[in-house]
Amino acid sequence: MTKTQKYILISFLILVAVFVGYNFTRQFMTQEREPQPSKILDPAYWQDKYPDIYQSYLRNSNEGDTEFGGEQQIDYIKKYPQISVLYEGFGFSKEYFSARGHVYALEDVINIGRPKPGASCLACKSSDYERLYNKYGEDLFAMDFVQMANEAKYPITCYSCHRNNPGELHITVPHAEIGFKQLDFEIERGSKNCAQCHVEYYIDPDTKAIVLPWKYGLTVEDYERYFDEKNFADWVHPRTGTPLIKIQHPEYEMYRDSPHHRLGMDCNACHMPKMENDQGETYVSHWWTSPLKTARESCLGCHVNHDEQSIADWVNSKQQEVEDKTKEAMDLLVDLIEKLAVRVEEGNIEDDILEQVRNLHRRAQIRWDFIFAENSTGSHHFARAHAYLDESIDLAKQALQILENN
Ligand code: HEC
Ligand code: HEC
Ligand code: HEC
Ligand code: HEC
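Since this is a predicted model, take the numbers as computed values, not measurements.

A. Looking closely at the overall build of the protein chain. Looking only at helices and strands, the protein chain features 18 helices and 6 strands. Reported as C-alpha extents along the three principal axes, the dimensions of the protein chain are approximately 115 × 55 × 40 Å. The buried share among the 406 residues of the protein chain stands at 47%. Counting only contacts in the protein chain whose residues sit at least 6 apart along the sequence, the fraction spanning at least 24 positions is 66%. Carbon and sulfur atoms form 53% of the exposed surface of the protein chain, whose accessible area is close to 21,500 Å². When the 43 basic and 64 acidic side-chain charges of the protein chain are each reduced to a single mean position, those positions are 7 Å apart.

B. Up close: the site of ligand 4. As a matter of local geometry, ligand 4 sits amid 15 residues, with H260, C299, C302, H303 and W314 nearest to it. H260 is positioned such that a nitrogen or oxygen atom in its side chain is 2.8 Å from a nitrogen atom of ligand 4. Within the side chain of H303, a nitrogen or oxygen atom sits 2.7 Å from a nitrogen atom of ligand 4. Listed by contribution, the elements that provide at least two residues to the shell around ligand 4 are α13 (259–262) and α16 (308–346). It is α16 that provides the largest number of residues to the shell around ligand 4, a total of 4 residues. Per-class residue counts for the shell around ligand 4 are 11 nonpolar, 3 polar and 1 charged.

C. Fine view of α16. Between its first and last C-alpha, α16 extends 57 Å over 39 residues, near the 57 Å set by a 1.5 Å rise per residue. A side-chain oxygen of the first residue of α16 lies 3.1 Å from the backbone nitrogen of Q309; this N-cap is D307. One or two residues past the end of α16 sits G347, with phi positive at roughly 70°.

D. Main features of the packing of α16 against helix α17 (residues 351–373). Viewed as axis vectors pointing N to C, α16 and α17 meet at an angle of 155°, and their least axial separation amounts to 10 Å. For the element pair α16 / α17, the angle class is roughly antiparallel. As α16 runs across α17, the sense of the crossing is left-handed. For the pair α16 and α17, contact is made by V322, T326, A329, M330, L333, L336, I337, L340 and V344 and by L354, V357, R358, H361, A364, Q365, W368, I371 and F372, respectively. In the contact of α16 with α17, the residues fall into 14 nonpolar, 3 polar and 1 charged.

E. How the structure looks around the side chain of E88. Tracing the chain through its elements places E88 in the loop between α4 (83–86) and α5 (105–111). Classification of E88 as buried rests on a relative accessible area of 18%. Within the local environment of E88, its side chain forms a polar contact with the side chain of R239, the two groups lying 2.7 Å apart. When sequence neighbours within four positions are dropped, the list of residues in contact with E88 reads I83, S93, W235, H237, P238 and R239.

F. Layout of the coordination of the iron atom of ligand 3. Here the iron atom of ligand 3 is held by H102 (NE2) and H198 (NE2), and the distances to it run 2.0 Å. Taken together, the 6 donor atoms coordinating the iron atom of ligand 3 span angles of 85 to 179° at the metal, a pattern that classifies the geometry as octahedral. Of the two residues, H102 sits in the loop between α4 and α5 while H198 sits in the loop between α10 (189–195) and β1 (202–203), which places them 96 residues apart along the sequence. For H198, a relative accessible area of 32% corresponds to the partly exposed category.

G. Structural view of the site of ligand 3. The immediate surroundings of ligand 3 are formed by 20 residues, with H102, D108, C194, C197 and H198 found nearest. Contact distances for ligand 3 include 3.0 Å between an oxygen atom and a backbone N or O atom of A99. A distance of 2.8 Å separates a nitrogen atom of ligand 3 from a polar atom in the side chain of H102. A class-by-class count of the residues in the shell around ligand 3 yields 9 nonpolar, 8 polar and 3 charged.

H. Examining the confidence of the model for the protein chain more closely. Looking at the protein chain, the pLDDT average stands at 92 and 92% of residues meet or exceed 70. Below a pLDDT of 50 lies the segment residues 24–34, which in the model reaches 0 contacts outside its immediate sequence neighbourhood of four places, other chains included.

I. Looking closely at the packing of aromatic side chains. Throughout the structure, instances matching the rule amount to 25 aromatic pairs. A ring pair is formed by F92 and Y96, whose centres lie 4.7 Å apart and whose planes are at 70°; its orientation type is edge-to-face. Residues F92 and Y96 agree in their burial class; the two are buried. What links up through ring pairs into an aromatic cluster is the set Y76, Y80, Y87, F90, F92, Y96, W235, W368 and F372. Between K246 and the ring centre of F92, over which it is positioned, the NZ or CZ distance is 4.9 Å. One Lys or Arg, R256, reaches over the ring of F185 and ends 3.7 Å from the middle of that ring.

Conventions adopted
Residues numbered from 1 in each chain as written. Chains lettered and ligands numbered in written order. Predicted model: local features only at pLDDT ≥ 70, side-chain atom pairs only at ≥ 80, totals over all residues. Heavy atoms only, no water. Helix = DSSP H or I, 4+ residues; strand = E, 2+ residues; numbered from the N terminus. Buried < 20%, exposed > 50% of the residue type's maximum accessible area, 1.4 Å probe, protein only. Contact = heavy atoms within 4.5 Å. Areas by Shrake-Rupley, 256 points an atom, 1.4 Å probe, with all protein chains shown as cover. Lys, Arg positive; Asp, Glu negative; His and termini not counted. Charge placed at Lys NZ, Arg CZ, Asp CG, Glu CD. Near = heavy atom within 4 Å. Polar contact = N/O pair within 3.5 Å; in protein donor to acceptor, adjacent residues only side chain to side chain. Nonpolar A, V, L, I, M, F, W, Y, C, P; charged D, E, K, R; others polar. Expected span 1.5 Å × (residues − 1). Axes fitted to C-alpha atoms, helices over the stretch in contact; angles between N-to-C directions. Parallel < 35°, antiparallel > 145°, perpendicular 65-115°, else oblique. Left-handed = near helix turned anticlockwise from the far one by under 90°. Donors = N, O, S within 2.8 Å, 3.2 Å for Na, K, Ca; no water. Tetrahedral: all angles 85-135°; square planar, octahedral: opposite > 155°, others 65-115°. pLDDT = per-residue confidence, 0-100. Phe/Tyr/Trp six-rings, centres within 6.5 Å; stacked < 30°, edge-to-face > 60°. Lys NZ or Arg CZ within 6 Å of the ring centre and 35° of its normal.

What follows is the structure, encoded as structure tokens:
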């Protein structure tokens with residue numbers, strides 16, 4: 001190597017070092033100056049990068065029903081007049097609509113006429129919630145619902161499950177994070193995101209925080225034990241004086257230990273199947289709806305002896321049995337409430353008998369409600385649906401028997 005060559009090489013290396021150094025410093029400095037990338041709450045942000053997923057997400061606004069499920073909002077009070085007696089004295093006796101797609105979550109919670117205890121109700125309805133929580137801390141829970149709902153813009157969006165990194169799974173609902181820590185097992189990867197919201201919860205009467213009653217486990221007995229121990233009631237039935245619990249959408253709990261769960265399937269196995277686009281490329285469906293609408297992709301890979309119609313018929317007939325038993329339990333509960341109310345009004349019932357009957361009423365109603373409020377009409381675990389309803393019917397009958405004998 002000549003002197004000149006050496007000189008050129010060294011100059012070149014110095015140049016490279018300066019260039020790299022400059023860029024590194026610049027990057028470092030700008031990183032310090034620029035704030036963290038802000039929260040990407042708008043699902044449209046991802047439409048070019050993940051067009052198929054984005055299009056499937058938009059399908060959550062589709063109307064379209066199956067025999068027992070689907071996106072149309074059913075007015076439960078019209079469909080089941082019994083609930084104005086069962087939930088008497090509580091908001092759900094005045095207004096109760098069935099659930100629909102994720103894109104409606106914010107709109108629907110705002111439009112619902114039932115009084116909202118606080119802004120914590122937004123936790124499962126809007127991807128803005130985490131931002132509001134970071135801003136206001138735990139004061140947020142008891143803040144005015146309407147005011148906070150005005151500060152929120154988006155319903156459930158990509159951010160709710162991925163934060164800014166689609167493909168990674170994140171928990172963004174603060175109370176779910178706390179709830180998950182109470183469990184002595186880990187919720188499965190493909191169900192954990194859904195279990196942020198599709199579970200039973202209650203609202204702490206003092207702080208208005210959302211709490212998952214998971215101390216003893218996830219069955220109805222575990223919840224009953226938890227609420228009994230706290231002497232907790234969502235409300236007291238005005239005519240019978242029974243302290244009652246309202247169950248909310250316990251999909252995860254219902255599904256757990258079902259035959260499909262034991263096979264290792266998570267929520268996404270049925271509700272987020274792999275679909276093909278027009279070019280024959282596969283993508284993960286983000287249309288959260290009745291899996292009977294995607295039965296080919298969701299079910300037929302295993303249920304090879306079925307076609308789309310026959311598996312829907314099979315499920316529907318099993319759902320019909322659950323529906324019939326749900327109504328039977330409801331009718332018995334109405335009968336019990338009416339008879340007990342008369343006795344309470346007449347004042348001709350011994351205190352200890354009254355206590356016993358109210359206790360049976362509370363236990364019968366929580367079991368019925370667990371199945372009624374769960375959104376799959378038994379499909380997630382048919383055997384459990386029947387077991388809880390059978391217990392409910394049995395408890396209500398015991399209570400009626402006691403009333404008759406006393
Ligand atoms: C083995 C398949 C399967 C798995 C796994 C599964 N589901 Fe479902 N799910 C169903 C079926 C079937 C229905 C009933 C659909 C109908 O009535 O048309 C349903 C209904 C629902 C509904 C009501 C939908 C509607 O249209 O009314 C919700 C919400 C739901 N499931 C959530 C979940 C969650 C959350 C999980 C995980 C804990 C889960 N599902 C796991 C099969 C499944
Ligand atoms: C309710 C929760 C939820 C929301 C909201 C959500 N996702 Fe997902 N997403 C999931 C889950 C769960 C998986 C994992 C599915 C699997 O592994 O089969 C996933 C997977 C993905 C993947 C990886 C797909 C692959 O092939 O492995 C991408 C990319 C993605 N989501 C993008 C998005 C975008 C974009 C949005 C908004 C338009 C969005 N997601 C909204 C739950 C969600
Ligand atoms: C941030 C809370 C949240 C998360 C996370 C979430 N959901 Fe939902 N989901 C809701 C709410 C709220 C509704 C009802 C929206 C309405 O009625 O306006 C709903 C509705 C649904 C429906 C339609 C119900 C019907 O009767 O039409 C299905 C199906 C569903 N979710 C499945 C899932 C699955 C599967 C996951 C996980 C991949 C999931 N959800 C994650 C809150 C959530
Ligand atoms: C990974 C394979 C697999 C997939 C996917 C699957 N199933 Fe199943 N399913 C099974 C097996 C295996 C059983 C029998 C389990 C048992 O008896 O323990 C079963 C049982 C059932 C039963 C009877 C359960 C009961 O409680 O009586 C119904 C109904 C059913 N499946 C419907 C569906 C529907 C609807 C879908 C799609 C939404 C689906 N399955 C998806 C494997 C699967």
